[in-house]
Amino acid sequence: MMRSSFAGVWCVLILLTPAVSRAQEADGSRLWIVAGGASATVRGDCQTCEEDYPYRHGGSILANFGYRANPRMDVGAEIFWVPLETASGTLNTTHIDAVAQFRPWRTHGFFMKGGAGMAFVRNWVDTLGSGAINSKALSIVVGGGWAFRTEQRVGFQLFASQQAGALGDLKTADSDVPDVMGNYWSIGAALVFR
């Protein structure tokens with residue numbers, strides 16, 4: 001199922017590339033769109049938990065859109081979706097963050113980004129009890145990467161990031177778990193449309 005999702009996203013991106021390029025050429029827009037995939041690692045923990053929660057690995061999808069504020073700074077929004085298989089089903093997390101991306105050098109592709117928003121989690125910690133658990137969390141993202149073809153209409157970037165989701169106190173079917181935190185590490189690649 002994950003492979004078909006990635007294939008569908010790439011097909012849509014390929015079909016939209018000419019339309020996005022023509023629209024931006026017509027109005028000289030400073031808008032940009034980023035879409036790609038990443039390999040993600042997730043680990044949940046809590047301050048008082050005695051269990052040692054496992055690291056989980058899987059694919060993820062990333063999409064950004066925004067506005068170039070100046071030649072070194074972009075502002076926008078990011079959606080990061082991570083579905084992971086667990087013993088009791090699929091753990092789905094969607095991070096929706098406001099982000100700022102900074103390029104220290106105008107002539108090089110290196111960038112750093114940071115932001116904050118919300119994470120929506122379904123079936124969070126399967127080791128604490130049966131049944132799906134739905135929750136919202138404070139989301140924070142930091143990351144960086146390298147962009148290629150930065151002055152072209154269609155470019156490419158490699159990136160690495162860490163998202164943290166602070167769920168706070170989590171209510172399960174069996175008990176209340178205080179100070180639950182999720183860490184999401186990812187490394188991936190994306191197409192950039194300007």
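Residues numbered from 1 in each chain as written. Predicted model: local features only at pLDDT ≥ 70, side-chain atom pairs only at ≥ 80, totals over all residues. Heavy atoms only, no water.

**Student:** Whenever I open this one, the overall build of the protein confuses me. Can you help?
**Tutor:** For the protein, the helix and strand inventory stands at one helix and eight strands. Secondary structure elements of the protein occur, N-terminal to C-terminal, as α-β-β-β-β-β-β-β-β. When each of the 194 residues of the protein is scored for burial, the buried share is 43%. Total accessible area computed for the protein in this model is approximately 10200 Å², and 62% of it derives from carbon and sulfur atoms. (Helix = DSSP H or I, 4+ residues; strand = E, 2+ residues; numbered from the N terminus. Buried < 20%, exposed > 50% of the residue type's maximum accessible area, 1.4 Å probe, protein only. Areas by Shrake-Rupley, 256 points an atom, 1.4 Å probe, with all protein chains shown as cover.)

**Student:** I'm lost on the packing of aromatic side chains in this one. Help?
**Tutor:** Aromatic ring pairs are described here by two measures, namely the spacing of the ring centres and the angle between the planes. This structure, assessed with the given rule, holds four aromatic pairs. Seen in terms of ring centroids, Tyr55 and Trp185 are 6.2 Å apart; in terms of plane orientation they differ by 40 degrees. Their pairing is tilted. Of this pair, Tyr55 sits in the loop between strand E1 (31-46) and strand E2 (56-70) while Trp185 sits in strand E8 (residues 176-193), and the two are 130 residues apart along the sequence. Taking the relative accessible area as the measure of exposure, Tyr55 reaches 49% and is therefore partly exposed. On the numbers, 5.9 Å between centres and 50 degrees between planes, the contact of Trp105 with Phe110 is tilted. Residue classification places Phe110 among the partly exposed positions, given a relative accessible area of 26%. (Phe/Tyr/Trp six-rings, centres within 6.5 Å; stacked < 30°, edge-to-face > 60°.)

**Student:** Whenever I open this one, the pattern of salt bridges confuses me. Can you help?
**Tutor:** Between side chains of opposite charge, a pair can form as their charged atoms come close. In the structure shown here, the tally under the stated rule is three salt bridges. Close ionic contact of Asp74 with Arg68 constitutes a salt bridge, the shortest N to O distance being 3.4 Å. By relative accessible area, Arg68 is classed as partly exposed at 22%. Across the pair Asp74 and Arg103 runs a salt bridge, and its minimum N-O distance is 2.9 Å. Of this pair, Asp74 sits in strand E3 (residues 73-86) while Arg103 sits in the loop between strand E4 (89-102) and strand E5 (110-122), placing them 29 residues apart in sequence. (Salt bridge = Lys/Arg side-chain N within 4 Å of Asp/Glu carboxyl O.)

**Student:** What exactly am I supposed to notice about the side chain of Asp97 here?
**Tutor:** Structurally, Asp97 is set in strand E4. Look at Asp97: it is buried, it has no salt bridge, and the nearest opposite charge is Lys113 at 7.9 Å. For Asp97, the side chain forms a polar contact with the main-chain nitrogen of Gly117, separated by 3.0 Å. Of the polar contacts made by the side chain of Asp97, one reaches the side chain of Ser139; its length is 2.9 Å. Filtering out sequence-adjacent residues up to four positions away, Asp97 remains in contact with Gly76, Ala77, Glu78, Ala116, Gly117, Met118, Ser139, Val141 and Gln163. (Lys, Arg positive; Asp, Glu negative; His and termini not counted. Polar contact = N/O pair within 3.5 Å; in protein donor to acceptor, adjacent residues only side chain to side chain. Contact = heavy atoms within 4.5 Å.)

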